[in-house]
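# A closer look at the structure
As a plain string of letters, each chain reads:
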Amino acid sequence: MTISKPKILLVYTGGTIGMVKDAESGALKAFNFNKLLKNIPELKLLDCEIATVSFDEPIDSSNMNIQEWNKMANIISDNYDMYDGFVILHGSDTMSYSASALSFMLENLQKPVVFTGSQLPIGDLRTDAKENLITAIQVASLQQNNKPVINEVCLYFEYKLYRGNRTTKISAEHFNAFTSPNFPCLVESGVHLNVNQQLLLHPRDKELLVHTTFDDNVAIIKIFPGLNKNVVEAILTIPNLKGVVIETYGSGNASTENWFVNLLEQAIQKGIQIVNVTQCSGGSVNMGKYETSSQLKQIGVISGKDITTEAAITKLMYMLGQNIASSDFKTIYETSLRGEMN
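Residues numbered from 1 in each chain as written. Predicted model: local features only at pLDDT ≥ 70, side-chain atom pairs only at ≥ 80, totals over all residues. Heavy atoms only, no water.

A few words on the overall build of the protein chain. For the protein chain, the helix and strand inventory stands at nine helices and 20 strands. The C-alpha atoms of the protein chain give a radius of gyration of 21 Å, which matches the 20 Å a tight globule of 342 residues would have. Each principal axis of the C-alpha distribution contributes one length, and for the protein chain these read about 65 × 50 × 35 Å. Scored against the burial criterion, the 342 residues of the protein chain give a buried share of 51%. A sequence separation of at least 24 residues applies to 73% of the contacts in the protein chain between residues at least 6 apart. When the accessible surface of the protein chain is totalled, it reaches about 16,100 Å², and 47% of it is carbon and sulfur. If you average the places of the 28 positive and of the 35 negative side-chain charges in the protein chain, the two averages end up 3 Å apart. (Helix = DSSP H or I, 4+ residues; strand = E, 2+ residues; numbered from the N terminus. Rg over C-alpha atoms; globule rule 2.2 N^0.38 Å. Buried < 20%, exposed > 50% of the residue type's maximum accessible area, 1.4 Å probe, protein only. Contact = heavy atoms within 4.5 Å. Areas by Shrake-Rupley, 256 points an atom, 1.4 Å probe, with all protein chains shown as cover. Lys, Arg positive; Asp, Glu negative; His and termini not counted. Charge placed at Lys NZ, Arg CZ, Asp CG, Glu CD.)

Counting 50 residues, the largest nonpolar core has Trp69, Leu102, Leu106, Val113, Phe115 and Tyr333 as its most contacted members. No other element matches the eight residues that helix H8 (residues 309-321) contributes to this core. Ignoring any residue separated from it by four or fewer positions in sequence, one finds Tyr333 in contact with Val275, Ile302, Ile307, Ala311, Ala312, Lys315, Leu316, Met319 and Met341. Judged by nonpolar contacts, the second largest core, of 31 residues, contains Ile17, Ile122, Ala140 and Tyr156. (Core = buried A, V, L, I, M, F, W, Y, C linked by side-chain atoms within 4.5 Å.)

Quick look at the pattern of salt bridges now. Following the criterion strictly, the structure yields 10 salt bridges and no others. Two residues, Asp306 and Arg166, come together in a salt bridge whose shortest N-O distance is 3.1 Å. Of this pair, Asp306 sits in the loop between strand E20 (302-303) and H8 while Arg166 sits in the loop between strand E11 (160-163) and strand E12 (168-169), placing them 140 residues apart in sequence. With respect to class, Asp306 is no different from Arg166; both count as buried. Here Glu247 makes a salt bridge to Lys222, at a shortest N to O gap of 3.3 Å. A residue pair is termed long-range when its members are at least 10 positions apart, and Glu247 in strand E18 (residues 243-248) and Lys222 in strand E17 (residues 218-222) qualify at 25 residues. (Salt bridge = Lys/Arg side-chain N within 4 Å of Asp/Glu carboxyl O.)

Let's shift gears to the environment of Met72. Tracing the chain through its elements places Met72 in helix H2 (residues 66-79). Apart from the residues lying within four places of it in its own chain, the contact partners of Met72 are Thr13, Phe55, Met64, Ile88, His90, Ser98, Leu102 and Phe115.

Tracing the chain through its elements places Phe157 in strand E10 (residues 153-157). Considering only alpha carbons, one finds Phe157 and Ser180, 23 residues apart in sequence, at a separation of 11 Å. Residues in contact with Phe157, not counting those within four places in the same chain, are Ser92, Met95, Thr116, Gly117, Ser118, Gln119, Asp128, Asn132, Phe175, Ala177 and Phe178.

What the rule picks out here adds up to seven aromatic pairs. When the centroid spacing of 5.8 Å and the interplanar angle of 85° are considered together, the rings of Trp259 and Phe260 count as edge-to-face. Taken as a pair, Trp259 and Phe260 share a single burial class, namely buried. In textbook terms, an aromatic cluster arises when at least three aromatic residues are bridged by ring pairs, as seen for Trp69, Phe104, Phe214 and Tyr318. For the cation-ring pair, Lys111 lies above Tyr80, with the distance from its terminal atom to the ring centre recorded as 4.5 Å. (Phe/Tyr/Trp six-rings, centres within 6.5 Å; stacked < 30°, edge-to-face > 60°. Lys NZ or Arg CZ within 6 Å of the ring centre and 35° of its normal.)

All right, on to the side chain of Thr278 then. With respect to the helices, strands and loops of the structure, Thr278 is situated in strand E19 (residues 273-278). Judged by its relative accessible area of 8%, Thr278 is buried. A polar atom in the side chain of Thr278 sits 2.6 Å from the backbone oxygen of Gly250. (Polar contact = N/O pair within 3.5 Å; in protein donor to acceptor, adjacent residues only side chain to side chain.)

We now examine the side chain of Thr127. For Thr127, the position within the fold is in the loop between strand E7 (113-116) and helix H4 (129-140). We classify Thr127 as buried; its relative accessible area is 18%. Of note is the side chain of Thr127, whose polar atom sits 2.7 Å from the backbone oxygen of Pro121. A polar side-chain atom of Thr127 sits 2.9 Å from the main-chain amide nitrogen of Ala129.

A separate point is the sheet that holds strand E5 (residues 85-89). With respect to topology, eight strands assemble into an open sheet ordered E4-E1-E5-E7-E10-E11-E14-E15, the strand pairing being mixed. The open sheet is flanked by strand E4 (49-54) and strand E15 (193-195), the only strands paired with a single partner. Averaged over all pairs of adjacent strands, the angle between their axes in this sheet comes to 25°, without regard to strand direction. As defined by bridge partners, E5 adjoins E7 across four bridges and the pair is classed as parallel. Note that in E7 the partner of Val87 across the bridge is Val114. Each of E7 and E10 touches helix H3 (residues 95-105); the most contacted strand, E10, lies at about 155° to it. (Pairing = 2+ DSSP bridges. Axes fitted to C-alpha atoms, helices over the stretch in contact; angles between N-to-C directions.)

Okay, the pairing of E5 next. Judged by how many residues are buried, E5 sits mostly within the fold: five of five residues are covered. The two faces of E5 match: Gly85, Val87 and Leu89 on one face and Phe86 and Ile88 on the other face are all buried. Of the strand pairs in this sheet, strand E1 (residues 7-12) and E5 are connected by five bridges, and their pairing is parallel. Looking at E5, one finds that Tyr12 is bridged to Leu89.

This is the structure in C-alpha cells:
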C-alpha cells in the first residue's frame, strides 16, 4: 500500500527571507516563490509535497496589522482540508505578535501552522533562511499514525520550535533571534528532531473555527519611574478605549500613589479591561505578593500571569472582538485558551 506524502502549503507574507541579491547590482529584490524547488533543491529531499502561495502585495512585517492577520487566517481556512500543515514566511520584527494572534484566531486547530523567517536574505552567502525554511517544513510534515504530530501555531528559528504565543524577539543581529522565556521549546533540531511530546497541545476533535474579529481599541502602558499623571490620564481617557496592557515591575508591582490607583479604578469602572504583565524578560505576575500590587488586585486588574506582552495584547484584542460579557472577561482572560499562560 502506498502512503501519500504530507502536503504542506508555504505562505509568503513578506520579510527578509523572501529577498535575494541581484548578482550584478547587489541590490535586494523579491524572491519568486513559484520557483522555490529550483532555487532551493534541498527541498526535494524532504518527504512531503510543497505548494506555495504569496500575498498579492508582500509587506514588511513592521506594517503588520489585523487585516493582514485575517489574510493569513483565511488562507489557512480556505486550504485547511487540502493540506496537512502550513508554513508562514514572515518578517521577524512582528512574528511573535502574528504567531500569538493566529493562535487565538484558529480555534480547534488540528494541524501545524509554523511561522519562520530569517535574519539574512535567502540569497545571502551566510543566510540562516535555508535552514529555518527546510526545518520548518520538515516539522510541519511530521506525522504519527497518519496524523500531524504538531497541532498548534508555532514559531521555528535557529534550531528550535517554540509555541508561537510564548515567544518574543530578543535580538536584531543574532541568528537566535527569539526566545520563549516561560515555556520550553517544543522541538529541538540537531542530528535528529527531538520532540517534547509531553508539551504539545492536544486539541479537541472539533471543527476548525476561525475568528477574524479583533478590536484594536487598546493600548500598552510601560510603567517607569517618573511616569506622570497627565500621561496616564490621557491614555485612559482616549475615546472608545476598551483595553490596556500595563507592563509593571517584577511580579506585577506598580506605584501605590493615589492618583495612579484611582485612574486605573475609574477606567475599570467605565468597563475598560486592564491587564497586568511583567516587563521582566521572564517570570510571572503574582498580584498580592507585595503591597505594591495588592491595590491592583483589589480594584479588579486582570492578572496576565506569565504571558508575554505580544500574547497579552493580541489576546486582549481577540477577546474584545468576541463581545464577552464584562462579568466573565477577567475569568476567561486569566484562563489559558491556547497554551499562552501557565
